[in-house]
Amino acid sequence: MKIEQLHHLFLECHSACTDTRKIKPNDMFFALKGDNFNGNTYAAQAILNGAKYAIIDETEFKTSAKTILVSNVLETLQALAAFHRTFLNVPIIALTGSNGKTTTKELINATLSQKYKTTATIGNLNNHIGVPLTLLSMNKNTEIGIIEMGANHLTEIEFLCNIAKPDYGYITNFGKAHLEGFGSIEGVIKAKTELYNFLIENNKTIFINGNDPIQLEKTKDVNTFTFGNNTDFDVQINFIEAQPNVSISYNELTINSHLMGEYNFNNIAAAITIATYFKVDIESIKTGIENYTPTNNRSQVIKKGTNKIILDAYNANPTSMQAALLNFEKLNDTNKIAILGDMFELGQDAELEHQNIVKLLETLNLSKIILIGENFNNTPTKPKKIIYFKTFDVFKNNFDMSQIDKATLLIKGSRGMALERILELL
């Protein structure tokens, strides 16, 4: 079946889905395969659950006119998404970066949705499956699409750009994330700027943090719309404070966010800049920023008993860990405790980067420091001021959390550490 024919059938459907447990009436089910599952085996169940069509790539599961056989389900999903994106022809904003992608995407959506009907990436579904699903969730009512793009290897952003065909783009930053796949910080920069390359080649517009010299260097003499803290930039935004939530000044207006940490200033500023470009009025921008509350273990501030917890356990890499710690030390709170977990996907740099965090911790004025995980446990030096636990279970069984009282805690680690479990111990 040609992609044009499949798209005609897709327009009869509610949306695209890859999980029979989440099927809605009249969805189009895509029977994807993974290392431990074969979606073809669920095609009949998808139809029973209400799917209008099931896209399969194994002949034996072709049971009716509702099961459509293709050569490769994943490639078909991607091709259909690219066709649908061209069919709708709505403006697409793409963003990537080492840190802050999802938060920035949510802020962009929060501000633009004050004026436009937007469709944005749900959660962090930002890969070769998530991007197509986001595109297919758009419809004729969508006025602006916001696509988050993630990658841990070279050419992945380029591939996603060729599907989403963005009209605008923003890179949050270049940090030490996924070094195992990128090889070095230079590899990170090369990979992320694949977004710039697409936009430049297609004469599109790039949003730029004017205070980032790498971004400025990579976008000389191209269409840019910039933000920064002086009049050299298209949008001037100034940081006020983060105690713990970030407050900023824009056009003589103070905006008080629910985001903690000075490192979130650029994420807020980017959203304000993009909303300004799309002519959202300043009061609506303020409303969008101030109404956004972080979720999913991302810089959440939680009160539990006498303690205040800064829960940033969604993910961690050396750049975000350093930023979080430096911000944590600046807080006016007196009894500050850091509980940190291992950072993953660092490859051969794992020992060095964990040791660098230990060196930083030695210089910080914190009441207590607890490190959990094999990487931290294997660092060459172990200062006396730091308490080490090889695994979460060892920590759980040997550290009495009831002794923590009237404290401010920073809890941060990679997703695989699942440090949000600490909340159950308080």
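Residues numbered from 1 in each chain as written. Predicted model: local features only at pLDDT ≥ 70, side-chain atom pairs only at ≥ 80, totals over all residues. Heavy atoms only, no water.

Notes on the UniProt feature "domain: Mur ligase N-terminal catalytic" (unreviewed entry) in the protein
- Following the UniProt record, one finds the feature "domain: Mur ligase N-terminal catalytic" (unreviewed entry) at residues 14–80.
- For the annotated span residues 14–80, helix accounts for 21% and strand for 24% of the residues, and the straight-line distance between the end C-alpha atoms is 15 Å. (UniProt positions renumbered as here; feature names shortened; annotations may be inferred. Helix = DSSP H or I, 4+ residues; strand = E, 2+ residues; numbered from the N terminus.)

As for helix H9 (residues 194–201)
- The complete set of buried residues in H9 reads Glu194, Leu195, Tyr196, Phe198 and Leu199.
- At the exit of H9 stands Asn203, carrying a positive phi of roughly 55°. (Buried < 20%, exposed > 50% of the residue type's maximum accessible area, 1.4 Å probe, protein only.)

Thoughts on the packing of aromatic side chains
- Under the criterion given, the structure shown has 14 aromatic pairs.
- Both rings, one in Phe389 and one in Phe399, keep their centres 6.2 Å apart while their planes meet at 75°; by these two values the pair is edge-to-face. Separated by ten residues along the polypeptide, Phe389 in strand S20 (residues 386–389) and Phe399 in the loop between helix H16 (392–398) and strand S21 (408–412) bring together distant segments of the chain.
- The class of Phe389 is buried, set by a relative accessible area of 9%.
- Taking the centre distance of 5.9 Å and the plane angle of 50° together, the rings of Phe392 and Phe395 count as tilted. (Phe/Tyr/Trp six-rings, centres within 6.5 Å; stacked < 30°, edge-to-face > 60°.)

Topic: the sheet that holds strand S5 (residues 53–56)
- Strands sit in the order S1-S2-S5-S6 across an open sheet of four strands; the sheet is parallel. The sheet is open, and its two borders are formed by strand S1 (16–17) and strand S6 (67–69), each paired with just one other strand.
- The sheet contact formed by strand S2 (residues 28–30) and S5 spans three bridges and is parallel. The residue bridging Phe30 from the neighbouring strand is Ile55, located in S5.
- Sheet contacts for helix H3 (residues 73–88): S2 and S5; angle to S2, the most-contacted strand, approximately 135°. (Pairing = 2+ DSSP bridges. Contact = heavy atoms within 4.5 Å. Axes fitted to C-alpha atoms, helices over the stretch in contact; angles between N-to-C directions.)

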